[in-house]
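# Architecture and fold: a report
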Amino acid sequence: MSEVNRGSRLGGRTRFVTARPRLSLLVALVITALAVVAGSGVGDRMGSGGWEDPAASSTYATKALEREFPASQPNLLLLVDAGDRGVDDPAVAAEAQRLTERLAAEDGVVGVGSYWQTRSPALRAEKGDEALIAARIVGEEKEAGETLERIAPEFRGTRGSLEVSVGGPVAVRHDIQNTIQEDLLRAELIALPVTLVLLVMVFGSAIAALLPLGVGIVAILGTNAVLRGITEITDVSVFAQNLTTALGLGLAVDYALFIVRRFREELAEGVEVRDAVGATLRTAGRTVLFSALTVAVSLAAMMVFPQYFLRSFAYAGIAVVLLAAAAALILLPAALMLLGHRVNSLDLRRLFTRGRKGSAPGDEAPDGPRPAGASVAAEAGRGWGRTAALVMRRAPLFAIGTATALVLLGLPFLGVKFGTADDRQLPSGAESRVVQEDIRDGFSGSPGGGLEVLGEGRATAAEYADYRDRVAGLPDVLRVDGPVVSGDHAYFTVLPRGEAVGQESQRLVRELRAEPAAFDTSVTGTAAVLVDSKDAIADRLPLAAGIIVVVTLLLVFLLTGSVLIPIQAVALNALSLTAMFGAVVWVFQDGHLSGLLGFTSTGDIETTLPVLMFCVAFGLSMDYGVFLISRIKEEYDRSGDHERSVVFGLQRTGGLITAAAVILAVVMVAIGASRVTNTKMLGLGIALAVVMDAMVVRSLLVPAVMKLTGRATWWAPAPLRRFHDRFGVSEGGSRPAPPTDGRDGGDGAGGSGASDGTGGALAGAGERDKAGV
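If you're wondering where the values come from, they're calculated on a predicted model, not measured in any experiment. (Residues numbered from 1 in each chain as written. Predicted model: local features only at pLDDT ≥ 70, side-chain atom pairs only at ≥ 80, totals over all residues. Heavy atoms only, no water.)

### Regarding the overall build of the chain
Scanning the chain from N- to C-terminus turns up 26 helices and 13 strands. Expressed as a percentage of its 773 residues, the buried residues of the chain come to 55%. Within the chain, counting contacts between residues at least 6 apart in sequence, those at least 24 apart form 80% of the total. Total accessible area computed for the chain in this model is approximately 30500 Å², and 60% of it derives from carbon and sulfur atoms. (Helix = DSSP H or I, 4+ residues; strand = E, 2+ residues; numbered from the N terminus. Buried < 20%, exposed > 50% of the residue type's maximum accessible area, 1.4 Å probe, protein only. Contact = heavy atoms within 4.5 Å. Areas by Shrake-Rupley, 256 points an atom, 1.4 Å probe, with all protein chains shown as cover.)

### Quick look at a negative patch on the surface
Together, Glu52, Glu140, Glu143 and Asp235 line one region of the surface with negative charge. As for its position among the elements, glutamate 140 is in the loop between strand 3 (130-137) and helix 6 (141-155). (Patch = residues over 30% accessible without salt bridge, like charges linked within 9 Å, V, L, I, M, F, W, Y side chains within 5 Å. Salt bridge = Lys/Arg side-chain N within 4 Å of Asp/Glu carboxyl O. Lys, Arg positive; Asp, Glu negative; His and termini not counted. Charge placed at Lys NZ, Arg CZ, Asp CG, Glu CD.)

### With respect to the environment of alanine 208
Checked against the element boundaries, alanine 208 lands in helix 8 (residues 206-230). The spatial distance from the C-alpha of alanine 208 to the C-alpha of arginine 342 is 8.8 Å, given a sequence separation of 134 residues.

### Re unusual backbone geometry
Omega for the bond connecting glycine 482 with proline 483 falls within 30 degrees of zero, at 10 degrees, which places this linkage in the cis form. Considering the arrangement of structural elements, one finds proline 483 in strand 10 (residues 477-486). You will see that arginine 119, though not glycine, has its phi angle at about 55 degrees, which is positive. Locating arginine 119 in the fold gives a position in the loop between helix 5 (115-118) and strand 3. Under the relative-accessibility criterion, arginine 119 is labelled partly exposed at 45%.

### Concerning the nonpolar core
Counting residues in hydrophobic clusters, the biggest one holds 149 residues, and the most contacted among them are Phe239, Tyr255, Val321, Leu336 and Leu612. Counting residues per element, this core draws most heavily on helix 22 (residues 609-639), at 17 residues. Ignoring sequence-local partners within four residues, the contact set of tyrosine 255 consists of Val288, Ser291, Ala292, Val295, Val321, Ala324, Ala325, Ala328, Asp623 and Phe627. Leu99, Leu103, Leu132 and Val435 belong to the second largest nonpolar core, which has 36 residues in total. (Core = buried A, V, L, I, M, F, W, Y, C linked by side-chain atoms within 4.5 Å.)

### Focus on the sheet that holds strand 5 (residues 162-167)
Judged by pairing direction, the sheet is antiparallel, and its 5 strands sit side by side in the order 2-3-1-5-4 without closing on themselves. Across the chains shown, the open sheet's two edge strands, defined by having one partner strand only, are strand 2 (109-114) and strand 4 (157-159). Averaged over neighbouring strand pairs, the angle between their axes works out to 25 degrees when direction is ignored. Pairing analysis gives 5 bridges linking strand 1 (residues 76-81) to strand 5, with the strands arranged antiparallel. In the sheet register, valine 80 faces strand 5, and the bridge partner there is valine 164. Seen against the sheet, helix 15 (residues 431-442) touches strand 1, strand 3 and strand 5 and runs at an angle of roughly 105 degrees to strand 5. (Pairing = 2+ DSSP bridges. Axes fitted to C-alpha atoms, helices over the stretch in contact; angles between N-to-C directions.)

### Side note on helix 10 (residues 273-300)
Taking the largest bend as the criterion, helix 10 deviates by roughly 40 degrees, centred on leucine 281. Judged by how many residues are buried, helix 10 sits mostly within the fold: 22 of 28 residues are covered. (Bend = angle between axes of the 7 residues up to and from the residue.)

### What to know about the packing of helix 2 (residues 21-38) against helix 8
Packed helix pairs are specified by the crossing angle of their axes together with the interaxial distance, meaning the distance between the axes. Contact pair helix 2 / helix 8: the axes reach a minimum separation of 8 Å and the direction vectors enclose 45 degrees. Classified by the interaxial angle, the pair formed by helix 2 and helix 8 is oblique. Taken as a pair, helix 2 and helix 8 cross one another with a handedness that is left-handed. Where helix 2 abuts helix 8, its residues Thr32, Ala35, Val36 and Ala38 lie against Val218, Leu221, Gly222, Ala225 and Arg228. (Parallel < 35°, antiparallel > 145°, perpendicular 65-115°, else oblique. Left-handed = near helix turned anticlockwise from the far one by under 90°.)

### Thoughts on a nonpolar patch on the surface
A surface patch of nonpolar side chains, amounting to about 670 Å² of accessible area, comprises Leu23, Leu26, Val27, Leu29, Val30, Ile31 and Leu34. Its location among the elements puts isoleucine 31 in helix 2.

### Some details on the pairing of strand 10
Where strand 10 meets strand 11 (residues 489-496), 7 bridges bridge the pair, whose relative direction is antiparallel. Its bridge partner being in strand 11, valine 477 is matched across the sheet by proline 496. Counted along the chain from strand 10 to the antiparallel partner strand 11, the turn is 2 residues long, and its residue glycine 487 has a positive phi close to 65 degrees.

### Considerations on the pattern of salt bridges
The tally for this structure, following the rule as stated, stands at 36 salt bridges. A salt bridge links aspartate 89 to arginine 85, with the nearest nitrogen and oxygen atoms 3.8 Å apart. For aspartate 183, the salt bridge is made with arginine 186, and the minimal N-O distance between the two is 3.1 Å. Highlighted residues: aspartate 183 and arginine 186, both in helix 7 (residues 169-203), separated by 3 residues, approximately one helical turn. Salt bridges sharing partners connect three or more residues here, namely Arg261, Arg262, Glu265, Glu266, Arg631, Glu634 and Arg652.

### Quick look at the side chain of serine 298
Structurally, serine 298 is set in helix 10. What serine 298 contacts, discounting residues up to four positions off in sequence, is Ile548, Cys615, Phe618 and Gly619.

### Quick notes on the confidence of the model for the chain
Of the residues in the chain, 87% have a pLDDT of 70 or more, and the chain-wide mean is 84. Low pLDDT (under 50) marks residues 355-377, which in the prediction has 33 contacts with non-local residues, meaning those over four places away or in another chain. Counting contacts from residues 732-773, a segment whose pLDDT is below 50, to residues more than four positions away or on other chains yields 100 contacts. (pLDDT = per-residue confidence, 0-100.)

### Re the pairing of strand 5
Two elements, strand 4 and strand 5, share 3 bridges in a ladder whose sense is antiparallel. When the bridges of strand 5 are listed, arginine 159 appears paired with leucine 162.

### Some words on the sheet that holds strand 11
Taken in spatial order, the 4 strands line up as 10-11-9-12 in an open sheet, and their pairing is antiparallel. Since the sheet does not close on itself, it has two edges, and those belong to strand 10 and strand 12 (520-524), each with one partner. Recorded for the sheet is a direction-independent mean angle of 20 degrees between the axes of neighbouring strands. In terms of strand pairing, strand 9 (residues 451-456) meets strand 12 through 5 bridges, oriented antiparallel. Within strand 12, the residue paired with glycine 455 across the bridge is threonine 521. Against the sheet, helix 16 (residues 461-472) contacts strand 9, strand 10, strand 11 and strand 12, and its axis sits at roughly 160 degrees relative to strand 10.

### So, the packing of aromatic side chains
One pass over the full model with this rule turns up 19 aromatic pairs. With a centroid separation of 5.5 Å and 75 degrees between ring planes, the pair formed by phenylalanine 239 and phenylalanine 309 is classed as edge-to-face. Here phenylalanine 239, found in the loop between helix 8 and helix 9 (240-268), pairs with phenylalanine 309, found in helix 11 (residues 308-339); they are 70 residues apart in sequence, far enough to count as distant. Across this residue pair, the class does not change: phenylalanine 239 and phenylalanine 309 are buried. One aromatic cluster is present, formed by Trp51, Phe239, Phe309 and Phe313 through successive ring pairs. We note arginine 102 situated over the ring of phenylalanine 155; from NZ or CZ to the ring centre the distance is 4.8 Å. (Phe/Tyr/Trp six-rings, centres within 6.5 Å; stacked < 30°, edge-to-face > 60°. Lys NZ or Arg CZ within 6 Å of the ring centre and 35° of its normal.)

### Focus on the side chain of arginine 136
Topologically, arginine 136 is positioned in strand 3. One polar contact links arginine 136 to glutamate 66, side chain to side chain, over a distance of 3.3 Å. The residues touching arginine 136, leaving out its near neighbours within four places in the chain, are Glu66, Pro70, Gln73, Pro74, Asn75, Gly108, Val109 and Val110. (Polar contact = N/O pair within 3.5 Å; in protein donor to acceptor, adjacent residues only side chain to side chain.)

### Considering the packing of helix 8 against helix 9
Where helix 8 contacts helix 9, the axes come no closer than 8 Å and their chain directions differ by 145 degrees. For helix 8 against helix 9, the interelement crossing comes out right-handed. Residues Ala208, Leu211, Pro212, Leu213, Val215, Gly216, Ala219, Ile220, Thr223, Asn224 and Leu227 of helix 8 form the contact with helix 9, whose own contacting residues are Gln241, Thr244, Thr245, Gly248, Leu249, Ala252, Val253, Ala256 and Val260. Across the contact of helix 8 with helix 9, the residue classes tally to 13 nonpolar, 7 polar and no charged. (Nonpolar A, V, L, I, M, F, W, Y, C, P; charged D, E, K, R; others polar.)

Take a look at the structure:
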């Protein structure tokens, strides 16, 4: 497709977007209001689990045991504290028995049993002052949570001479869900005003600063409405709301910064408002579209995993990315059409510069006043240009040194241990966590921490006994209880010697599954769910990574027409994540800084978190990478000078990318202030990743590598060049003719003169720095 035809098509779309800006904004306001109504209460419909594989053997066994033996898997535990009298006191026993009978009479509660009924030592604390009443609340997560909310106030607290606390898996999940919703509200109250202040500092203009915030609010509210609809079809994790807020604000800032900056540059060149909007959409708009696609692809890769925890982030991420891009490409241009030059209004920085005798040199552009903050931005741009020139003069040193440092920061990840989330995700004062800690520390036999072996098919008592004896002889088994038989079904409870989800327990799961029996067996329990989850992730990880890499390579090729740049982008983006993964292990697994950050280290990392963090952080890194590459490509198309283009690209986008990364990091840190450990890990880890990517990889590694690859950076074989000419896009004009004398630089077709190295590139770029963010 020719540039002329492509330009006319884009011109038609631009006219469509900007024809009736007031109507566009009115429709957006109505849709946003409807989204507020549609998305209300979405958090109450979300789940706090989703780490298990629905097709796994452990999931099948769990459902079968729930159906055939409800008492085998209690998810509600009442911790009864009898104080000094002890749990065996007759009066205490009578009172506890009445409490047990009351619980058994509640709707939705089955399989009620207690220490006072069974005299099981596993249900009695070693000190004799506490004992357990166990039961199962039936139904899916939402239904079980509603039942818990209904009955918990009737049982917790002082009951006669007993003190009762509510715990168990269903209570832990419920507390996690409520804590996340409370923390998310607090994070939004922190992130929104701080983001606005930072945007004012970046733009100078209060009017311009409000635009990204508006785009973010539209994206967040729209995504909540989308998630509310998805909850009618499938399970969605409550953790996904954190990603909605973070990406909604972060990407809105990224896209709006890029578009508003380009619009202000066009205005500073004396272009009319409508033409400035059109030029902005044809250049920055295309970059935003490609950026959104790369981020969406990275997040969509989580759809290949069976755990609804990961799939939920794909639902939320795809929705918020597309809505942020749509708002930036449709609503933002409409707002710019109405604002025109008033986009630079309300320069709040003048409050701090009032009384100065004159304008600083350069505050006035040759053709009239510059936008607010233009001279500051121009000086910052020259600073980024000087950085790029310095890096390129010492390219081997910066490339090797930066890459080595990033690899060293990632080394702790080699010692990663994967586990599963438990009550220690919660703050130390949460009731369900207190109950689980009392059980873990004070009860023998780890109630609720064993493995259940489901037997199906008719068998004799001798066959059951033979199987039990062989299982009891396994080296990692502490004790075997059972079988409990009902018709053609039976189950055994196997207590491991080590931690409930430790390496010994995981090894025991595989040993139990390999143990022959006269009947069909399947194993469940916390360790079995973890084993199956790890297997599911390992099986699908190559497919997810392949999707991300292949589609990213294709999209970046369509943007640049280069074979090498897409490969560089994928490799450098992956390298930028090493610091994040190293920090996750060093801090959250090994427990460094746990006191400062306020969490309890469990000695492992929840299995799905690294996958989630990789997909999110890789997408955001590609977001920044596309911004930088697009401006380099634009200048290369204009001048044909490779080094000059790299310097120009970093000069024009270095401040923008850094500002966007800092703002996104602030939002992620606000999310990371959560009292739930996994959310803290997600927020702080991604904040570190985006800062490292913007300030280290984009500023140092990219220009160094592009200097080393030289003009070969833009090479593509003839068939791929023809493919790009037909289907690719470019922010610049027609591609310059390559030099014929083999020099790395020189005049290019359509260029503005020969480059005299990076110094000349810096000077040429600085002269054109009319405006900026």
